[in-house]
Amino acid sequence: KAVLNSLSESDRVKIMAVDLNAVALQEPFSAPQAEAIEAAMKKLEARVPLGTTDLSAAMQSALKAFDGQAGSQRAVVYIGDGISRAGRNGLEEYADRVRELVDARIAMSSLAIGPGRDVSTLAAIANHTGGQILAPGEEFSSQQAGQFMARSAKSPVIWPKSVTYSSDIGDVYPKAIPPLRLDRDTIVVGTLKASGEHTIDFVGELAGETVEMQWQ
C-alpha cells in the first residue's frame, strides 16, 4: 500500500500474485489509486500466502505483462523472500531471465521480507537489471520501505549500448556491464596488465537519448 501511495496519478501499475504461477489480479495497467487497483488489493489480501515460489516463472510473467507498453520507463517491484524452490531456477536460467529483462529495458527491484530471505539472489537480479534491493531491519517502517521501492521504480536507469576498455585492462567481470543507476554504485572487477592510467569509454541510453561517459 505504501508503494502505491508513493506513486503519482500518471504512473500505471499492474498487481500480480506470485507462487507457482504469477497471476495478474487486474487488467489492464491502472493508475495507483484506481478502483481496479483497490479491487486487486482485496483479491491479494484474500489469498493465503502458502504456495512455493517459482521466481524465474514470475520474471517471465512480468516481462510478458509489459507487451504493448513500449515507450515508457518500465520497472518490476518484487515483494517477498526471494526463496524459489519450484522449477530449475539455476544460474543459467536466471541469467536468461536477466538478459530478457535488460533487452526489454525493464529494471527489477526487490523488497526482501520474511523470516528467511534469499537476499543474494535478489541482489544479483537487481544489480544486473538496473534495479534496487532493500532488505530492511527494524530501522525501517513499512511506510519507509514502500516509499523506497516506489522511488527505486521511478529512478532513471542508463542502459548500456557499448563499453570500451583501454588495452592495459585485462579480464573484466561481469563481461556485460550492468545498467547504471544514479542512486547506487555499479561495481566492475577485473585485472590490469600494467600500472598507469586506464580509461573506460561508455555509451548508453537514458530515456531514449544517447549518453556518453568516460572514466579515468
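Look up a bit, the structure's there.
Rules of the game
- Residues numbered from 1 in each chain as written.
- Predicted model: local features only at pLDDT ≥ 70, side-chain atom pairs only at ≥ 80, totals over all residues.
- Heavy atoms only, no water.
- Helix = DSSP H or I, 4+ residues; strand = E, 2+ residues; numbered from the N terminus.
- Buried < 20%, exposed > 50% of the residue type's maximum accessible area, 1.4 Å probe, protein only.
- Polar contact = N/O pair within 3.5 Å; in protein donor to acceptor, adjacent residues only side chain to side chain.
- Contact = heavy atoms within 4.5 Å.
- Pairing = 2+ DSSP bridges.
- Axes fitted to C-alpha atoms, helices over the stretch in contact; angles between N-to-C directions.
- Salt bridge = Lys/Arg side-chain N within 4 Å of Asp/Glu carboxyl O.
- Core = buried A, V, L, I, M, F, W, Y, C linked by side-chain atoms within 4.5 Å.

Chemist: Quick question: what am I supposed to make of the side chain of R181 here?
Modeler: By secondary structure assignment, the location of R181 is in strand 8 (residues 180-181). Residue R181 is classed as buried on the basis of its relative accessible area, which comes to 5%. Here the side chain of R181 touches S152 through a polar contact of 3.0 Å, landing on its backbone oxygen. One polar contact links R181 to D183, side chain to side chain, over a distance of 2.8 Å. If sequence neighbours within four positions are ignored, R181 has contacts with G130, G131, Q132, S152, S155, P156, V157 and T186.

Chemist: Help me out: how do you make sense of the sheet that holds strand 3 (residues 74-80) in this one?
Modeler: Strand pairing in a sheet relies on backbone hydrogen bonds, with the paired strands running either antiparallel or parallel. Judged by pairing direction, the sheet is parallel, and its three strands sit side by side in the order 3-4-5 without closing on themselves. The open sheet has two edge strands, strand 3 and strand 5 (133-134), and neither has a second partner. Here strand 4 (residues 106-112) pairs with strand 5 via two bridges, running parallel. Looking at strand 5, one finds that L111 is bridged to L134. Along the sheet face, helix 6 (residues 142-154) touches strand 3, strand 4 and strand 5 and points at about 170° away from the line of strand 4.

Chemist: Even after reading the chapter, I still don't get the sheet that holds strand 10 (residues 200-206), so can you show me in this structure?
Modeler: Pairing within the open sheet is antiparallel, and its four strands lie in the order 8-6-10-11. Here the strands that pair on one side only, and so sit at the sheet edges, are strand 8 and strand 11 (209-215). Across two bridges, strand 6 (residues 157-165) lies against strand 8 in antiparallel orientation. The residue of strand 8 that forms the bridge with V157 is R181.

Chemist: Can you walk me through the pattern of salt bridges in this structure?
Modeler: In this structure the tally under the stated criterion is nine salt bridges. A salt bridge links E100 to R97, with the shortest nitrogen-to-oxygen separation between them at 3.0 Å. One end of the pair, E100, and the other, R97, are both in helix 4 (residues 91-103), three residues apart, so they sit about a helical turn from each other. Among the charged side chains, a network of salt bridges with common partners joins E93, R97 and E100.

Chemist: Is there a simple way to explain the nonpolar core in this structure?
Modeler: A general feature of soluble globular proteins is that nonpolar side chains tend to end up buried together. L55, M59, V76, L101, I106, M108 and I125 are the most contacted members of the largest nonpolar core, which totals 21 residues. Of all elements in the fold, only helix 3 (55-65), strand 3, helix 4, strand 4, helix 5 (119-129) and strand 6 reach the threshold of two or more residues within this core. L7, I37, F148 and M149 belong to the second largest nonpolar core, which has 16 residues in total.

Chemist: Got a minute to help me understand the pairing of strand 3 in this structure?
Modeler: On a regular strand, one side chain projects to one face of the sheet and the next to the other, so that they alternate. Of the two faces of strand 3, the one lined by R74, V76, Y78 and G80 is fully buried and the one lined by A75, V77 and I79 carries no buried residue. Bridging between strand 3 and strand 4 involves seven bridges; their strand directions are parallel. Looking across to strand 4, one finds that G80 is bridged to A112.

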